[in-house]
Amino acid sequence: MVRIASSQPRKQRKIRYNAPNHVRGSFLHAMLSPELREKHSHRRVRVVTGDTVKVLRGEHAGSTGVVDGVDLKRMTIQVHGVTVRKADGTEVARPVDPSNVMITRLNLKDEKRAERIGVKE
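All of these numbers come straight from a predicted model, not from anything done at the bench.

Q: Which residues make up the pattern of salt bridges, and what values do they have?
A: Pairing between side chains of opposite charge can happen when the charged atoms of each approach one another. Per the stated rule, a full pass over the model turns up 4 salt bridges. A salt bridge links D51 to R113; the nearest nitrogen and oxygen atoms lie 2.9 Å apart. Taken as a pair, D51 in the loop between β2 (44–46) and β3 (52–55) and R113 in helix α4 (residues 111–117) lie far apart in primary sequence, 62 residues in all. We note that D51, like R113, is buried. As a salt-bridge pair, D71 and R74 come within 2.9 Å of each other at their nearest N and O atoms. Classification of D71 as buried rests on a relative accessible area of 17%.

Q: Explain the nonpolar core to me, using residue names and the numbers behind them.
A: The biggest cluster of nonpolar side chains holds 16 residues, and the ones touching the most others in it are I77, V101, I103 and L106. For this core, the leading source of residues is strand β5 (residues 76–85), giving 3 residues. Excluding its chain neighbours within four sequence positions, the residues that come into contact with L106 are L32, L36, H40, V45, D51, R113 and I117. V23, F27, L28 and M75 belong to the second-largest nonpolar core, a separate cluster that totals 5 residues.

Q: Account for the sheet that holds strand β4 (residues 64–71), with residues named and values stated.
A: Strand pairing in a sheet relies on backbone hydrogen bonds. The paired strands run either parallel or antiparallel. The strand order β2-β1-β7-β3-β4-β5-β6 describes an open sheet built from 7 strands, whose pairing is mixed. For this open sheet the edge positions go to β2 and β6 (91–96), each flanked by a neighbour on one side alone. Sheet twist, expressed as the mean angle between neighbouring strand axes with direction ignored, is 55°. Bridge count for β3 against strand β7 (residues 101–105) is 4 bridges, and the pairing is antiparallel. Paired with T52 across the two strands is R105, which belongs to β7.

Q: Provide a residue-level description of the packing of aromatic side chains, including the pertinent values.
A: Under the definition given, this model contains 0 aromatic pairs. The lysine or arginine in question, R16, covers the ring of F27, its NZ or CZ lying 4.3 Å from the ring centre.

Q: So, the layout of surface pockets: which residues are in play, and what are the values?
A: Of the voids in this model, the second largest pocket is the one considered here, and its volume is about 180 Å³. Lining of the second largest pocket is provided by H29, H42, R44, V45, R46, V48, D110, R113, R116 and I117. Every element with two or more residues in the lining of the second largest pocket is listed here: β2 and α4. Considered class by class, the residues forming the lining of the second largest pocket number 3 nonpolar, 2 polar and 5 charged.

Q: Would you mind going over the environment of R16 in detail, with residue names and values included?
A: In this structure, R16 sits in helix α1 (residues 9–17). On the basis of relative accessible area, R16 is assigned to the partly exposed category, the value being 31%. Between the C-alpha atom of R16 and that of K86, which follows or precedes it by 70 residues, the distance is 29 Å. Discounting chain neighbours no more than four positions away, the residues touching R16 are R24, F27 and M75.

Definitions and cut-offs
Residues numbered from 1 in each chain as written. Predicted model: local features only at pLDDT ≥ 70, side-chain atom pairs only at ≥ 80, totals over all residues. Heavy atoms only, no water. Salt bridge = Lys/Arg side-chain N within 4 Å of Asp/Glu carboxyl O. Helix = DSSP H or I, 4+ residues; strand = E, 2+ residues; numbered from the N terminus. Buried < 20%, exposed > 50% of the residue type's maximum accessible area, 1.4 Å probe, protein only. Core = buried A, V, L, I, M, F, W, Y, C linked by side-chain atoms within 4.5 Å. Contact = heavy atoms within 4.5 Å. Pairing = 2+ DSSP bridges. Axes fitted to C-alpha atoms, helices over the stretch in contact; angles between N-to-C directions. Phe/Tyr/Trp six-rings, centres within 6.5 Å; stacked < 30°, edge-to-face > 60°. Lys NZ or Arg CZ within 6 Å of the ring centre and 35° of its normal. 1 Å grid on protein atoms, 1.4 Å probe; cavity = no way out; pocket = protein on both sides within 12 Å on 5 of 7 lines; lining within 4 Å. Points joined across faces, edges and corners; volume = space filled by probe spheres on them. Nonpolar A, V, L, I, M, F, W, Y, C, P; charged D, E, K, R; others polar.

Structure follows, in structure tokens:
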């Protein structure tokens, strides 16, 4: 977890916006569902492409979908099915903050991630 020493919002924003990539990964964590939390003994995990998440906040609250992409620059994720309609009628993906979702199924194709989480095959 990133420790931000200052309590001033302007400095907190500056640290988030200017953070290096290895620190930005910690901003992309989302909480696990109660079943996964109990099974893996982790409270939160970094969101990766292929995870299934449930949106908890915003106009798409309650919708479930697979993570289509993770934007490290903007620190957001794209969830399949969470879209908005533009003025010309086209559908575009709505970026979602990872703190507003709950992971319901993990993508464990990456062996290092599975090992880090503590999956026993």
